[in-house]
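Summary of structural features
Here is what each chain is made of, one letter per residue.
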Amino acid sequence: MMKFYMSIPNTINAVDADLNKFEMDQAEEALPKGEELQQMKDAAISASNEAANAVDSLEIPETLKDQEEEITSAFSAMRESYELKTEELSKETPSFEAANEKFNEADAQLNEILEELGLAASSIYNEVSQ
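Note that the coordinates shown come from a computational prediction; the quantities given were computed from them, not determined experimentally.

1. What to know about helix 4 (residues 68-89)
Relative to the 32 Å expected for 22 residues at 1.5 Å per residue, helix 4 spans 32 Å between its end C-alpha atoms, a close match to the ideal helical length. Regarding helix 4, the residues found buried are Ile71, Ala74, Phe75, Ala77, Met78, Ser81, Tyr82, Lys85, Thr86, Glu88 and Leu89.

Structural data, given as structure tokens:
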């Protein structure tokens, strides 16, 4: 499970750098203005779409068939989170609160599985937000 679990943020991190940059700059109130801001938003939208596709590309190993329903549900919440971010990025002032709550739902579902298997809880959200 841990090898599979760690593949999730690794797969997302391969494509979400522009989204993370936008979110960090927004949190630090350091976003550019005008054309540069639009270019940054466009890059973040592309990264968000790629992250959603990356989640879809993850394959649940045979050894986790007993947890497949829960994992699939968590992946759906992750994908929805990225779809919400894409939608927000089309707005003048994006808010990622709902998207982050949706991702936290996925984290909670995956943590239940980790704990059922006797493993320590973790946070994929923290891993992909860097």
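2. Observations concerning the packing of helix 1 (residues 2-13) against helix 4
Direction vectors running N to C along helix 1 and helix 4 enclose 15°, while the axes themselves pass 14 Å from each other. Classified by the angle their axes make, helix 1 and helix 4 are roughly parallel. Crossing angle aside, the handedness with which helix 1 passes helix 4 is right-handed. Taken together, the residues of helix 4 that come into contact with helix 1 (itself represented by Phe4, Ile8 and Ile12) are Ile71, Phe75, Met78 and Tyr82. Among the residues making up the contact of helix 1 with helix 4, the classes are represented as seven nonpolar, no polar and no charged.

3. Some remarks on a negative patch on the surface
Residues Asp66, Glu69, Glu70, Glu112, Glu115 and Glu116 make up a contiguous surface patch of negative charge. Secondary-structure elements contributing two or more residues to the negative patch are helix 4 and helix 5 (97-116). Summarising the element assignment, Glu112 is placed in helix 5.

4. A closer look at the confidence of the model for the protein
Overall, the predicted model of the protein reaches an average pLDDT of 96, with 100% of residues at or above 70. Element-level mean pLDDT values for the protein span from 93 in helix 6 (residues 124-128) up to 98 in helix 4.

5. What about helix 3 (residues 34-57)?
The end-to-end C-alpha distance of helix 3, which contains 24 residues, comes to 35 Å, matching closely the 34 Å that a straight helix rising 1.5 Å per residue would cover. Of the positions making up helix 3, those classed as buried are Met40, Lys41, Ala44, Ala47, Ser48, Ala51, Ala52, Ala54 and Val55. In this structure, the buried residues of helix 3 make contact with helix 1, helix 2 (17-27) and helix 4.

6. Observations regarding the side chain of Lys85
With respect to the secondary-structure elements, Lys85 resides in helix 4. The class of Lys85 is buried, set by a relative accessible area of 4%.

7. Focus: the packing of aromatic side chains
Taken as a whole, this structure holds four aromatic pairs when the rule is applied. When the centroid spacing of 6.1 Å and the interplanar angle of 50° are considered together, the rings of Phe4 and Phe75 count as tilted. Of the two residues, Phe4 is situated in helix 1 and Phe75 in helix 4; the sequence distance between them amounts to 71 residues. Pairwise contacts between aromatic rings join Tyr82, Phe103 and Tyr125 into one cluster. Here the guanidinium or amino end of Lys85 rests over the ring plane of Phe96, the centre of that ring lying 5.8 Å away.

8. Let's talk about the side chain of Glu23
Note on placement: Glu23 falls in helix 2. Overall, the relative accessible area of 16% leaves Glu23 in the buried class.

9. Focus: the nonpolar core
In terms of nonpolar packing, the biggest core is built from 31 residues, with Ile8, Phe75, Met78, Tyr82 and Leu110 touching the most fellow members. The set of elements that each furnish at least two residues to this core consists of helix 1, helix 2, helix 3, helix 4, helix 5 and helix 6. Leaving out residues up to four positions away in the same chain, Tyr82 has contacts with Ile12, Asp16, Leu19, Ser48, Ala51, Ala52, Val55, Phe103 and Val128.

Rules and cut-offs
- Residues numbered from 1 in each chain as written.
- Predicted model: local features only at pLDDT ≥ 70, side-chain atom pairs only at ≥ 80, totals over all residues.
- Heavy atoms only, no water.
- Helix = DSSP H or I, 4+ residues; strand = E, 2+ residues; numbered from the N terminus.
- Expected span 1.5 Å × (residues − 1).
- Buried < 20%, exposed > 50% of the residue type's maximum accessible area, 1.4 Å probe, protein only.
- Axes fitted to C-alpha atoms, helices over the stretch in contact; angles between N-to-C directions.
- Parallel < 35°, antiparallel > 145°, perpendicular 65-115°, else oblique.
- Left-handed = near helix turned anticlockwise from the far one by under 90°.
- Contact = heavy atoms within 4.5 Å.
- Nonpolar A, V, L, I, M, F, W, Y, C, P; charged D, E, K, R; others polar.
- Patch = residues over 30% accessible without salt bridge, like charges linked within 9 Å, V, L, I, M, F, W, Y side chains within 5 Å.
- Areas by Shrake-Rupley, 256 points an atom, 1.4 Å probe, with all protein chains shown as cover.
- Salt bridge = Lys/Arg side-chain N within 4 Å of Asp/Glu carboxyl O.
- Lys, Arg positive; Asp, Glu negative; His and termini not counted.
- Charge placed at Lys NZ, Arg CZ, Asp CG, Glu CD.
- pLDDT = per-residue confidence, 0-100.
- Phe/Tyr/Trp six-rings, centres within 6.5 Å; stacked < 30°, edge-to-face > 60°.
- Lys NZ or Arg CZ within 6 Å of the ring centre and 35° of its normal.
- Core = buried A, V, L, I, M, F, W, Y, C linked by side-chain atoms within 4.5 Å.

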